[in-house]
Amino acid sequence: MSARRGRIFVLSAPSGAGKSSLIDRAVREIPGMWHSVSATTRPPRQYEREGVHYFFLDRGKFHERLKSDHFLEWAQVFGEYYGTPAEAVDRRLEAGDDVIMDLDVQGALQVKRRRPEAILIFIMPPSLDELRARLKGRGAESGVQLEKRLAEAEEEMSQRGLYDHVIVNEELEAALRELAAVIQGRRARMEEDRA
């Protein structure tokens, strides 16, 4: 077991703010980072693989695990359930890895209540107009769905004050440098506290 216990970094952002790209790069480029894998009841998308992108559970299994306090956090989003298995996160923390979690505001606040030492980071788009352009560019949502996503985005962004750090993702490389600086700063502070 490592002498250093890892930290939890929770990233939240409205859909289209670039959070997934940022997390993928952080895990590849910042040593000692592990991206937690959530469980969900939604069906897998074509490119998604079991245990890599999500653990895909039927509702019965999800609710069984919910009753046994299996999840560090959980939420119902757009009619589907999502949750982060606590045991896997704790194993990585004990091994000295930092855990990066991709959660909505509701999930992030649950983690902060259960693990007050968790660092919450909100990823902002440069503007609502830019977010609209990014979502339109995906072509995944119809007009009604797009407006629903944008309304939800405004609600999520209004809660960024509850987070420890806010990063505006105007340009991915700059946002990644800022995220790396936050992580390295927290690691350095933890080492100072232990000294």
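**Things to note about the sheet that holds strand E5 (residues 71-77)**
Within a sheet, neighbouring strands are paired by backbone hydrogen bonds and run either parallel or antiparallel to one another. Overall, mixed pairing links the four strands, which are arranged E4-E3-E6-E5 in an open sheet. Strand pairing shows two members of the sheet lacking a second neighbour, strand E4 (54-56) and E5, which therefore form its edges. Taking the axes of each pair of neighbouring strands and ignoring which way they run, one obtains an average angle of 25° across the sheet. Pairing between strand E3 (residues 38-40) and strand E6 (residues 80-85): two bridges, direction antiparallel. Directly across from Thr 40, in E6, lies its bridge partner Tyr 82.

**Thoughts on the packing of aromatic side chains**
A complete count under the given rule lists six aromatic pairs for this structure. Seen from their ring centres, Phe 62 and Phe 71 are 4.6 Å apart, and the 20° between their planes marks the pair as stacked. Since its relative accessible area comes to 0%, Phe 62 is described here as buried. Members of the aromatic cluster, connected to one another through ring pairs, are Phe 62, Phe 71, Trp 74 and Tyr 81.

**Considerations on the nonpolar core**
When a protein is soluble and globular, its nonpolar side chains tend to lie buried together. Formed by 24 residues in total, the largest nonpolar core has its most connected members in Ile 8, Val 10, Leu 72, Val 89, Met 101 and Val 111. For this core, the secondary-structure elements that each account for two or more residues are strand E1 (8-12), helix H3 (86-94), strand E7 (98-102), helix H4 (105-114), strand E8 (119-124), helix H5 (128-138) and helix H6 (143-157). Among the elements that line this core, the one with the most residues is H6, at four residues. Leave out the neighbours within four places in its chain, and Val 111 touches Ile 8, Val 10, Leu 72, Glu 73, Met 101, Leu 103, Pro 116 and Ala 118. With 19 residues, the next largest nonpolar core counts Met 33, Ile 123, Ile 167 and Ile 183 among its residues.

**Quick word on H6**
When the terminal C-alpha atoms of H6 are compared, their 21 Å separation across 15 residues agrees well with the 21 Å that a helix rising 1.5 Å per residue should span. Every buried residue of H6 is accounted for by Leu 146, Leu 150, Ala 153, Glu 156 and Met 157. Considered in projection along H6, the buried side chains sweep an arc of 120° and stay on one side of the axis. Across from the buried face of H6, at angles greater than 90 degrees, the exposed residues are Val 144 and Lys 148. Considering only its buried residues, H6 is in contact with H4, E8 and H5.

Conventions adopted
- Each residue is numbered by its place in its chain's sequence as written, counting from 1.
- Reporting of local features is limited, given that this is a predicted model, to residues whose pLDDT is at least 70; pairs of side-chain atoms are given and counted only at 80 or more, and all residues count toward the totals for whole chains, interfaces and linings.
- Hydrogen atoms and water are omitted, and side-chain values are computed over all heavy atoms in the structure.
- Whether two strands pair comes down to DSSP finding at least two bridges between them.
- For helices the rule is a DSSP run of H or I covering at least 4 residues; for strands it is a run of E covering at least 2, with both sets numbered from the N terminus onward.
- A fitted line through C-alpha atoms serves as each axis, taken over the contacting stretch for helices, and the angle formed by two N-to-C directions is quoted from 0 to 180°.
- Any Phe, Tyr or Trp ring, taking Trp's six-membered ring, that has another such ring centre within 6.5 Å forms a pair; planes under 30 degrees apart are called stacked, those over 60 apart edge-to-face, and the others tilted.
- Think of it in three bands: residues with accessible area under 20% of the maximum for their type are buried, residues over 50% are exposed, and the middle band is partly exposed, with areas taken using a 1.4 Å probe on protein chains only.
- Here, nonpolar core refers to any group of buried Ala, Val, Leu, Ile, Met, Phe, Trp, Tyr and Cys residues whose side-chain atoms link them within 4.5 Å.
- Whether two residues are in contact is decided by their heavy atoms: any pair within 4.5 Å suffices.
- Expected helix span is computed as 1.5 Å times (number of residues minus one).
- Summarising the geometry, the arc corresponds to the directions from the helix axis toward the C-beta atoms.

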